[in-house]
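Each chain, written out:
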Amino acid sequence: MDKETLLKLNFAKGLAREAGLIAKKKIGNLGWTHLKSGFYDVVTDADVAVEKMVKYEIEKSFEDESVLGEETGEDKNGKNGKIWIIDPIDGTTNFSKGIPHFCVSISYVVDNDPLIGVVYDPYMDELYEAVKGNGAFMNGEKIMVNQTSELTDAILNTGYQYSATEYRNTVLRNYNAFFGKVRAIRVFGSAVLDQCYVANGRIDGFWEYCLKPWDVAAGSLIAKEAGASVRGIEEEFSIYGKTIVVANSNLISKILEVIKS
């Protein structure tokens, strides 16, 4: 790992921890909440405050690089093909109700390819990190996907994008299709942590529709570096695509077979 990458990794880790602790302090004192695209699409003052802080620190430290954030937006092409992609609070619906399952996600992307991914869960005090080609770690310990090979032994995870009405029936059909074929299906409410949970072996696979780059940039890199396969459902996987499936190489084709059937 070169010095510049190491510097940016350590910067992202410190910033993610700082942002996560700010969010954690606000979970019991939300202030205002706002609905974006509908009653299901919540943003809190903490989302905005944390994103502004993270964006400010990045732009102060790396003047020639831009930021793409969930709340403030930005040109996704960045400057010179380099961009930081951030989600200040992934799992805002959980956060808004005081459910302690959410995280901060920070990724550094070069030419649409994540180079650094950092995710911090402040309630579990778990910091996930990955640099392309250097493996994945949680709190400094190397992590790997598990090797579950049969659907009947697998616990899968998915999520619902309530604003994506075109996918609603598809998601429900997928959910029903797995009944009787897998051990369990979970819906935790944070796509980023779902990818990290595949990476550290807590769950065996994850799929979801209609995601945004801040939902997958850091998490997909961490999962890949932990040995997971990452694919799209309807197209080749891209951080700017809409769908994702994450699992070990033994399971991913079996998961996709059920989804596509």
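## Here's the deal with the overall build of the chain
Per the secondary structure count, the chain includes seven helices and 14 strands. The buried share among the 261 residues of the chain stands at 56%. Split by element, the accessible area of the chain, about 11600 Å² in all, is 49% carbon and sulfur.

## Quick word on helix α1 (residues 3-26)
Because an α-helix packs 3.6 residues into every turn, residues spaced three or four apart end up facing the same way. The end-to-end C-alpha distance of α1, which contains 24 residues, comes to 35 Å, matching closely the 34 Å that a straight helix rising 1.5 Å per residue would cover. Taken as a whole, α1 has its buried residues at T5, K8, L9, F11, A12, K13, L15, A16, A19, G20 and A23. You can read the cap of α1 off the contacts: a side-chain oxygen lies 3.1 Å from the backbone nitrogen of E4, and it is on D2.

## A few points about the pattern of salt bridges
A side chain of one charge can pair with a side chain of the opposite charge when the charged atoms of the two come close. Under the defined criterion, the tally for this structure stands at nine salt bridges. In this structure, E126 and R202 form a salt bridge, with 2.6 Å as the shortest nitrogen-oxygen distance. Here the residue E126 occupies a position in strand β7 (residues 126-131), and R202 occupies one in the loop between α5 (191-199) and β12 (205-209), the gap between them amounting to 76 residues. Its relative accessible area of 7% is what places E126 among the buried residues. Between E150 and K254 there is a salt bridge, with the nearest N and O atoms lying 3.6 Å from each other. Residue E150 is located in the loop between β9 (141-142) and β10 (155-158), and its partner K254 is located in helix α7 (residues 252-260); the two are separated by 104 residues in the primary sequence. Bridged by salt links that share partners, the residues E4, K8 and E65 form one connected network.

## Section: α7
When we look at burial in α7, the residues that qualify are I252, I255, L256, V258 and I259. Angularly, the buried residues of α7 cover 160° about the axis, an arc narrow enough to put them on a single face. For α7, exposure combined with an orientation more than 90 degrees from the buried face picks out E257 and K260. Of the surrounding secondary structure, the elements contacted by the buried residues of α7 are β10, α4 (168-178), β12, β13 (229-231) and β14 (243-247).

## A short note on the packing of α4 against α7
Viewed as axis vectors pointing N to C, α4 and α7 meet at an angle of 120°, and their least axial separation amounts to 9 Å. Viewed along their axes, α4 and α7 adopt a mutual orientation that is oblique. For the crossing formed where α4 meets α7, the hand is right-handed. Contacts between α4 and α7 involve N174, A177 and F178 from the former and I255, V258 and I259 from the latter. Its residues assigned to classes, the contact of α4 with α7 shows five nonpolar, one polar and no charged.

## Some thoughts on the confidence of the model for the chain
Counting all residues, the mean pLDDT for the chain is 88, and 87% of those residues have values of 70 or more. Scored below 50 in pLDDT, residues 31-41 shows 21 contacts in the model against residues more than four places distant or in partner chains.

Rules of the game
- Residues numbered from 1 in each chain as written.
- Predicted model: local features only at pLDDT ≥ 70, side-chain atom pairs only at ≥ 80, totals over all residues.
- Heavy atoms only, no water.
- Helix = DSSP H or I, 4+ residues; strand = E, 2+ residues; numbered from the N terminus.
- Buried < 20%, exposed > 50% of the residue type's maximum accessible area, 1.4 Å probe, protein only.
- Areas by Shrake-Rupley, 256 points an atom, 1.4 Å probe, with all protein chains shown as cover.
- Expected span 1.5 Å × (residues − 1).
- Polar contact = N/O pair within 3.5 Å; in protein donor to acceptor, adjacent residues only side chain to side chain.
- Salt bridge = Lys/Arg side-chain N within 4 Å of Asp/Glu carboxyl O.
- Arc of directions from axis to C-beta.
- Contact = heavy atoms within 4.5 Å.
- Axes fitted to C-alpha atoms, helices over the stretch in contact; angles between N-to-C directions.
- Parallel < 35°, antiparallel > 145°, perpendicular 65-115°, else oblique.
- Left-handed = near helix turned anticlockwise from the far one by under 90°.
- Nonpolar A, V, L, I, M, F, W, Y, C, P; charged D, E, K, R; others polar.
- pLDDT = per-residue confidence, 0-100.

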